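Listed below, chain by chain, are the residues.
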Amino acid sequence: MSQDFERLYGNHHSWLLGWVNWRLGNAADAADLAHDAFVRLLTRPCRFDNAQQARSYLRKMANGMCVDLWRRRNLEQAWLDALAAQPEPTASSAEQQAMVLEALGEIDAMLRELPPKAAHAFVMAVACEMTDKEVAGVLNVSSRMVRKYVAQAMLCCMKLEARLAAGLPGEPGSPPLAAGKAAR
């Protein structure tokens, strides 16, 4: 570990921990995210000219990590709510639930990589079962453009499915779900 990193950690860790705790209102989650922020800096070192620049960078990174935590928890809660609504005989095992949550996280990450209109078109067409014409009206585009958007998203889904079937880790730039996503 470099002296620069040790100095950065020593000068800013308690400040970042306090800031994240204020943001999340949970000391345990704050400790985890503050730790993860510095682990990221170990894997992708940055140089800062002054303390203000370092804190600005750390705050921006930690804010993104907070948003990812909230997004992941909302996704998990939606899944748990859906499970709770199922009759008992169709309830999934804990292992199945974990697999579904991981798949939902991968799909969420894939959708966030798409242009917003393509992601929205895909969700409306596939999940909401809207027609091309209905989606086109919502997005204010042509039906042909909706088909292009959905095709673009389907290609991403096929790539994701192939990658998962092959047991490959996340694509470059997309952190593994189990480690806590810190997407853009």
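Scroll up a little and you will see the structure.
Residues numbered from 1 in each chain as written. Predicted model: local features only at pLDDT ≥ 70, side-chain atom pairs only at ≥ 80, totals over all residues. Heavy atoms only, no water.

(A) Representation of the packing of aromatic side chains in the model. Inspection of every chain in the model, using the stated rule, returns five aromatic pairs. Ring geometry for F5 versus F38: centroids 6.1 Å apart, planes at 80 degrees, classification edge-to-face. One end of the pair, F5, is in helix α1 (residues 3-24); the other, F38, is in helix α2 (residues 27-43), with 33 residues separating them in the sequence. Taken individually, F5 and F38 each receive the classification buried, so the pair is uniform in this respect. On the basis of relative accessibility, which here comes to 2%, the residue F38 falls in the buried class. Put simply, the rings of F5, Y9 and F38 touch in pairs and so form one group of aromatic residues. (Phe/Tyr/Trp six-rings, centres within 6.5 Å; stacked < 30°, edge-to-face > 60°. Helix = DSSP H or I, 4+ residues; strand = E, 2+ residues; numbered from the N terminus. Buried < 20%, exposed > 50% of the residue type's maximum accessible area, 1.4 Å probe, protein only.)

(B) Broad picture of the packing of α2 against helix α3 (residues 51-84). Running from N to C, α2 and α3 point in directions that differ by 125 degrees, and their axes come no closer than 10 Å. As the angle between them shows, α2 and α3 are arranged oblique. At the point where α2 passes α3, the crossing takes the right-handed sense. Residue-level contacts link D29, L33, D36, A37, F38, R40 and L41 of α2 to Y57, L58, M61, M65, C66, L69 and R73 of α3. Across the contact of α2 with α3, the residue classes break down as ten nonpolar, no polar and four charged. (Axes fitted to C-alpha atoms, helices over the stretch in contact; angles between N-to-C directions. Parallel < 35°, antiparallel > 145°, perpendicular 65-115°, else oblique. Left-handed = near helix turned anticlockwise from the far one by under 90°. Contact = heavy atoms within 4.5 Å. Nonpolar A, V, L, I, M, F, W, Y, C, P; charged D, E, K, R; others polar.)

(C) A look at the nonpolar core. L16, V20, L33, F38 and L41 are the most contacted members of the largest nonpolar core, which has 19 residues in total. At the level of secondary structure, the elements contributing two or more residues to this core comprise α1, α2 and α3. Tallying contributions element by element places α3 first for this core, with seven residues. Apart from residues lying up to four places away in sequence, L41 is in contact with F5, L8, C46, F48, Y57, L58 and M61. Residues L111, A136, V141 and V146 belong to the second largest nonpolar core, which totals 18 residues. (Core = buried A, V, L, I, M, F, W, Y, C linked by side-chain atoms within 4.5 Å.)

(D) Expanded view of unusual backbone geometry. In this structure, E129 takes a positive phi of about 55 degrees despite not being glycine. Its place among the elements puts E129 in the loop between α5 (116-127) and α6 (132-139). Owing to a relative accessible area of 68%, E129 belongs among the exposed residues under this scheme. A positive phi angle, near 60 degrees, is found at N140, a position not held by glycine. Counting through the fold element by element, N140 comes out in the loop between α6 and α7 (143-165).

(E) The arrangement of α3 in detail. Taking 1.5 Å per residue as the helical rise, α3 with its 34 residues ought to reach 50 Å, and the 48 Å between its terminal C-alpha atoms agrees with that figure. Among the residues of α3, A54, L58, M61, A62, G64, M65, C66, D68, L69, W79 and L83 are the ones counted as buried. Residues of α3 that are buried in the fold lie against α1, α2 and α4 (94-113). One side-chain oxygen at the N-terminal end of α3 lies 3.2 Å from the backbone nitrogen of Q52; it belongs to N50. (Expected span 1.5 Å × (residues − 1). Polar contact = N/O pair within 3.5 Å; in protein donor to acceptor, adjacent residues only side chain to side chain.)

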